[in-house]
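# Summary of structural features
Below are the chains, spelled out letter by letter.
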Amino acid sequence: NAGVTQTPKFQVLKTGQSMTLQCAQDMNHEYMSWYRQDPGMGLRLIHYSVGAGITDQGEVPNGYNVSRSTTEDFPLRLLSAAPSQTSVYFCASSYGAVSSYNEQFFGPGTRLTVL
Amino acid sequence: GIQVEQSPPDLILQEGANSTLRCNFSDSVNNLQWFHQNPWGQLINLFYIPSGTKQNGRLSATTVATERYSLLYISSSQTTDSGVYFCALDDYKLSFGAGTTVTVRA
């Protein structure tokens, strides 16, 4: 199993550009989520999904869109990048669903800089 | 939402020393995890421990859910233990503490 994979690893954008951060998992996990980590802080939840076709907002959703058309993929879209979105982005997944076993597994992260 | 407090914020250790990191939380939880973020930014799962005690090599963790705290023990610390240790709570949408930055000096 590859686990949770994220692409790209690094990205530089100009203010106003759009892009999609990709996240995929091959563990058949129901739950997937996106977090951002800013310097000196813990991770904050952006959006999450409890299954294909279902998404919801987390703590800091503004400026980001998500969709979940398949169990495996959970892309994060920045429609008009702003310098405040400079951060490291982590995708995570967990089994959930019929089980209460919700250990989360994280991808390697995407370091995004918005100029 | 649930509040998560970690202490101490920073910890400097001499190689070989033991240490205890603490995580206090404000509400009952179904899931508690400890992570190590290494100097390269990678998040490594240490323990999934909503209650009880677990050990993995030089690391062990204890969660007392009724008293709303968890402890992470590092014994015989090594320089490779340096990094930030996070506890995180709840289910599929984790709430993270601010972390404890550990520096182990040779």
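Residues numbered from 1 in each chain as written. Chains lettered and ligands numbered in written order. Predicted model: local features only at pLDDT ≥ 70, side-chain atom pairs only at ≥ 80, totals over all residues. Heavy atoms only, no water.

### So, the layout of surface pockets
Where we set the bar: Grid spacing is 1 Å over the protein atoms alone, the probe is 1.4 Å, and a cavity is where that probe fits but cannot get out, while a pocket is an open set with protein on both sides within 12 Å along at least five of seven lines and lining residues have an atom within 4 Å of a point. Grid points are joined across faces, edges and corners, and a volume is the space filled by probe spheres set on the points. Helix and strand labels come from DSSP, where a helix needs a run of H or I of at least four residues and a strand needs a run of E of at least two; each type is numbered from the N terminus. By the convention adopted, Pro, Cys, Tyr, Trp, Phe, Met, Ile, Leu, Val and Ala count as nonpolar, Lys, Arg, Asp and Glu as charged, and the other residues, Gly among them, as polar.
Of the pockets and cavities examined, the largest pocket occupies roughly 420 Å³. Looking at the largest pocket, it is lined by 23 residues, and the ones nearest its centre are A:V88, A:R111, B:Q37, B:W40 and B:G41. In this model, the second largest pocket occupies a volume close to 330 Å³. Lining the second largest pocket we find 15 residues, and of these A:E59, B:I2, B:L94, B:S95 and B:F96 sit closest to its centre. At three residues, strand β5 (residues 43-51) of chain A tops the list of elements feeding residues into the lining of the second largest pocket. Counted by class, the lining of the second largest pocket contains six nonpolar, five polar and four charged residues.

### What about unusual backbone geometry?
Keep this limit in mind: Exposure is judged per residue with a 1.4 Å probe applied to protein chains only, and the accessible area is read against the type maximum: over 50% gives exposed, under 20% gives buried, and values in between give partly exposed.
A cis amide bond, omega -5 degrees, links A:T7 with the succeeding residue A:P8. Here A:P8 lies in the loop between β1 (4-7) and β2 (10-13). A positive phi angle is found at A:N28, which is not glycine, with a value near 60 degrees. Within the secondary structure, A:N28 is located in the loop between β3 (19-25) and β4 (31-37). In this structure A:N28 comes out as exposed when scored by relative accessible area, which is 54%. The phi angle at B:R68 is positive, at roughly 60 degrees, despite the residue not being glycine. Residue classification places B:R68 among the partly exposed residues on the basis of a relative accessible area of 35%.

### Observations regarding the sheet that holds strand β7 (residues 64-66) of chain A
Residue and element names in this part refer to chain A. Heads up, the rule is: Here, strands pair whenever DSSP counts at least two bridges between them. The axes used here are C-alpha line fits, helices contributing only the stretch in contact, and every angle between their N-to-C directions lies in the interval 0 to 180 degrees.
The four strands lie next to each other as β1-β3-β8-β7, forming an open sheet whose pairing is antiparallel. The sheet is open, and its two edges are formed by β1 and β7, each paired on a single side. Along the sheet, successive strands turn relative to each other by an average axial angle of 20 degrees, direction set aside. Relative to strand β8 (residues 76-78), β3 runs antiparallel, the two being bridged by three bridges.

### Here's the deal with the side chain of A:S49
Residues and elements named next belong to chain A. Applicable threshold: The term polar contact refers here to a pair of N or O atoms within 3.5 Å; inside protein, the definition further demands a hydrogen-donor-capable atom paired with an acceptor-capable atom, and it admits residues adjacent in sequence only when both atoms are side-chain atoms. Residue contacts are defined here by distance: any two heavy atoms, one from each residue, within 4.5 Å place the two residues in contact.
With respect to the helices and strands, the residue S49 is situated in strand β5. Reaching out from S49, the side chain makes a polar contact with the backbone oxygen of I54 at a distance of 2.6 Å. At a separation of 2.7 Å, a polar atom in the side chain of S49 contacts the side chain of R68. The residues contacting S49, other than those within four sequence positions of it, are E30, Y31, M32, I54, T55, R68 and F74.

### Notes on the packing of aromatic side chains
Here is the rule we go by: Note on ring pairs: Phe, Tyr and Trp rings are taken, using the six-membered ring of Trp, and paired if centres are within 6.5 Å. Classes follow the plane angle, with under 30 degrees stacked, over 60 edge-to-face and the rest tilted. Two thresholds decide whether a charge sits over a ring: the Lys NZ or Arg CZ must be within 6 Å of the ring centre and within 35 degrees of the ring normal.
In total, this model carries eight aromatic pairs over all chains according to the counting rule given. Members of the aromatic cluster, connected to one another through ring pairs, are A:Y35, A:F90, A:F106, B:F35, B:F86 and B:F96. Positioned above the aromatic ring of A:F74 is the side chain of A:R68, whose terminal nitrogen or guanidinium carbon lies 6.0 Å from the ring centre.

### Concerning the pairing of strand β9 (residues 87-94) of chain A
Residues and elements named next belong to chain A. Burial runs high along β9: eight of the eight residues are buried. Covered by surrounding structure in β9 are S87, Y89, C91 and S93 together with V88, F90, A92 and S94, the residues of both alternating faces. Bridge count for β4 against β9 is seven bridges, and the pairing is antiparallel. Looking at β9, one finds that Q37 is bridged to V88. Pairing of β9 with strand β11 (residues 110-114) involves three bridges; the strand directions are antiparallel. Counterpart to Y89 in the pairing with β11 is T110.

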